[in-house]
Amino acid sequence: MKPWPPSAARQSLISCLSCELLSKAPVNLDDHLRMRCPRCGATLHARKPNSLARTWALVIAAFIFYIPANVLPIMTVTSLGKTQSDTIMSGVAYLLLHGMWPLALLIFFASVVVPLLKLVILVYLLISVQLRSRWRPRDRTRLYRITEAVGRWSMVDIYVVTILVALVHLGNLATIRAEVGAVFFGAVVVITIFAALTFDPRLIWDRLEQPHE
Amino acid sequence: MSEPYLEKTATEPLPEVVLEQRSRFSLVWLIPLVALAIGAWLAYKTYSEQGPTITITFNTAEGLEAGKTKLKYKNVEFGQVDHITLNEDLSQVIVTAKLVKGAERYLTDKTRFWVERARVSAGQVSGLSTLFAGAYIAIDPVTEGQRAYAFKGLETPPPITADTPGSRFTLRAAELGSLDIGSPVYFRAIKVGQVTNYRLANNGQDVEIKIFINAPHDQLVRADTRFWNASGLDVTLDASGVKIDTASVVSLMIGGVAFETPVSLETGQPAEPSAVFQLYPNRQSIKEGSYVRKSYWLLHFTSSVRGLTVGAPVEYRGIRIGQVIDIKLELDLNEVIARIPVLIEIESDRLQWIGKTPDYDNEREFKKFQKHLWNQLVAKGLRAQLKTGNLLTGALIVDLDVYPDAPSQTIRWGKSYPELPTVPTSLEEIRNVLTRILEKLQRLPLEEIGEDLRKSLASLRQTAAETEKLTRTLNTSTLPEVTATLNRLQKTLAAAEKSLQAGEKTLITAEEALAKDSPLQRETQRTLKELSAAARSFRLLMDYLERHPEALIQGKTR
């Protein structure tokens, strides 16, 4: 095993994120104790606090919300007395049926695949970290970066709905209303963004530095 | 903890971190808990709001879309079509629909479903909104009745929904005419209802038309109300000109029914719900009466039916109650007898029932009633008989009358038509005539007449004898005298003729003589002058003689 360069963690050093003070941390920290900065009093963390648990919590919440987000209609279009409620998938199907497959593909990826993929990737990362996997940490880190970068684009759908609702208010001719599905979808996107934020990619590398059991 | 790296960078000892107790529970787990709670609530809500699922069969799924078409009642969403399938033999469309929660109580066997599409008929235009919004399935919910989850959809919207106040009645007509579902019903030219349905009656002879009269106009329908078909034009041409009668232009196109309650002997009770009425062909016939319910009877006449034609009236004591339908000649090969069966129809509706009215709708009940009634009538002596309807043409009619003395007979309830007993025709009539003549003869004072007659004859004989005597006398004595007289008369006449001829001659001579310039004329004038002178002298003489009559003896005294 190739020796890794020294790191603050291995030196039991910890820096305060508020006042930049580097301080010495105890080697084996008791679980029920919390570290504070001796200078400014800010809470100190060697890694993002409680990262795995928080990410898990958010990922599970996102999964729960993912179901109503896809089952419930996200918007209702009333046009000339004809009312139609659409879920994300029925909207995609509608576009496909009418030959607008590039648009259908776009919405399908942005609204269905991306949030699901993000959640799946996060779950994979969480599991791999908990299993102390040493497999391709660099690629896993890249995966994490992609997840974090792409997550916000899922909000496109929500923006489209909100803009349409605001613009299309033509009385009997055409009216668009947002439905509860949109709320859940928005929740899924926001919660996955937070889940990606609470996950600490350094955890991927921490396992590598620990000796083999 | 004595890594060289640290020692190189850290010039002074680093401060130790402050340690403090931390809470065991991480609040972050609240997020999935809340998510779970919301999810669970949503799931419960979806489940609890799940309404009943029903199936409706239609002939066509035109305009229906699975997952889109709504079920509506008074334009309020009641549910949505879930999927549409065909039944096994491909004859019908089965629409499965999910209804909203709480819809169960409106799902009874009387609840009706139909597809609301844009419809244009002569009477009205409906469902225009569906042109843009698409068709929907409309419901007419009825809460009373058996719970049901499978329905047969109507092909056309029901004209009357369950919540419309009013009454239903049934009309019986010989034919439907131009009436259709939705045809208006008029009272004094105001639309008060409409035709809701029609069907062929069970007996196959007339048409049953169901109508609905909206409240409060249904109160106008009385037990003796007459309905007539107001469809089309009623054109009458008579001495006063052309009369055109029509209820409205709408009824011209789609037909219509009108009614009115005639002022009559009977007091008008409000009609019972679902009462049955006659539908007369036009306004005039409500006064004449037209009869739909008919019963058929067979009559066997042994005598000649010369003069009886199809369509000849059947009368009861002079009141027309039906007509002759058919006349045939039958030869009974077993008994070698020719019979003449005559089929007549009796319009039972012409009878005014007094007492318990028969139930028209219950076919069996009515037949039983009729059988019983006629049996009783025949037992009382009701018989059919041929009678002369017209003395000039010799046309016969069938007359029904009660002959209490007629020999007892019964109706033969045969296979096809019941047979009414008849009374022998001509014999009966001849016998009646003879009886009448005999009665009159009986009343004559024949004996007196005989006596008088004898006396008259005797005197007559005497007169005759005397006359004879007289004649003889005349012959013997008077006649020769008369002959002689006649001969003499003849001679006299001849002489007279001669004299006349002579006279004629004399006259001619006289004429000649009397000519103006004739000597006779002048002579005559002179003679006349002298004659007048003579006459004057004679008068003088006469005057003298009158005064001195003695002069005749003594002469003139001077």
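Residues numbered from 1 in each chain as written. Chains lettered and ligands numbered in written order. Predicted model: local features only at pLDDT ≥ 70, side-chain atom pairs only at ≥ 80, totals over all residues.

1. Observations concerning the overall build of chain A
Counting its regular elements, chain A contains seven helices and seven strands. For chain A, the residues scored as buried account for 28% of the 213 residues in total. Summarising the internal contacts of chain A: among those between residues at least 6 apart in sequence, 65% fall at separations of at least 24. (Helix = DSSP H or I, 4+ residues; strand = E, 2+ residues; numbered from the N terminus. Buried ≥ 20, exposed ≤ 12 C-beta atoms within 10 Å, placed from the backbone. Contact = placed C-beta atoms within 7 Å.)

2. Concerning the overall build of chain B
The number of helices and strands found in chain B is 10 helices and 28 strands. Taking all 558 residues of chain B together, 17% fall into the buried category. Across chain B, contacts joining residues at least 24 apart in sequence account for 65% of those joining residues at least 6 apart.

3. Some thoughts on the sheet that holds strand 3 (residues 33-36) of chain A
Pairing is antiparallel in the open sheet, where three strands are placed in the order 4(A)-3(A)-1(B). Edge positions in the sheet fall to strand 4 (43-44) of chain A together with strand 1 (18-21) of chain B, since each of these pairs with one other strand and no more. Judged from the two bridges that link them, strand 3 of chain A and strand 4 of chain A form a sheet pairing that is antiparallel. Residue arginine 36 of chain A lies in a different strand from strand 4 of chain A, and its bridge partner there is threonine 43 of chain A. (Pairing = 2+ DSSP bridges.)

4. Some words on the pairing of strand 5 (residues 93-100) of chain B
The side chains of a regular strand alternate between the sheet's two faces. Residues and elements named next belong to chain B. Examined bridge by bridge, strand 2 (residues 50-58) and strand 5 share seven bridges and lie antiparallel to one another. Each bridged residue has a counterpart across the sheet, and for threonine 53 the counterpart in strand 5 is lysine 98. Direction of pairing for strand 4 (residues 76-86) relative to strand 5: antiparallel, over a ladder of seven bridges. In the strand pairing of strand 5, isoleucine 84 is matched with valine 95. Connecting the antiparallel pair strand 4 and strand 5 is a turn made up of six residues, with leucine 90 showing a positive phi of about 60 degrees.

5. A few points about the sheet that holds strand 4 of chain B
Residue and element names in this part refer to chain B. With mixed pairing, seven strands are arranged side by side in an open sheet as 6-9-3-4-5-2-10. Across the chains shown, the open sheet's two edge strands, defined by having one partner strand only, are strand 6 (112-116) and strand 10 (150-152). The sheet shows a mean angle of 30 degrees between the axes of neighbouring strands, direction not considered. (Axes fitted to C-alpha atoms, helices over the stretch in contact; angles between N-to-C directions.)

6. What about the interface of chain A and chain B?
Listed by partner, the interface residues are 31 residues for chain A and 28 residues for chain B. Only strand 1 (13-15), strand 2 (22-24), strand 3, helix 1 (51-71) and strand 6 (82-86) of chain A provide two or more residues apiece to the side of chain A that touches chain B. Looking at the side of chain A that touches chain B, the element that brings in the most residues is helix 1 of chain A, giving 10 residues. Taken together, the four bridges between strand 3 of chain A and strand 1 of chain B define a ladder with antiparallel strand orientation. Within strand 1 of chain B, the residue paired with arginine 36 of chain A across the bridge is valine 18 of chain B.

7. Things to note about the nonpolar core
The biggest cluster of nonpolar side chains holds 36 residues, and the ones touching the most others in it are Leu58, Ala61, Ala62, Phe65, Val188, Ile191 and Ala195 of chain A. When residues of this core are traced back to their parent elements, those giving at least two are helix 1, helix 2 (88-97), helix 3 (101-130) and helix 6 (180-198) of chain A together with helix 2 (30-48) of chain B. Apart from the residues lying within four places of it in its own chain, the contact partners of alanine 195 of chain A are Thr55, Leu58, Val59, Ala62 and Leu122 of chain A. Judged by nonpolar contacts, the second largest core, of 25 residues, contains Val192, Ile209, Trp228 and Ala271 of chain B. (Core = buried A, V, L, I, M, F, W, Y, C linked by C-beta atoms within 7 Å.)

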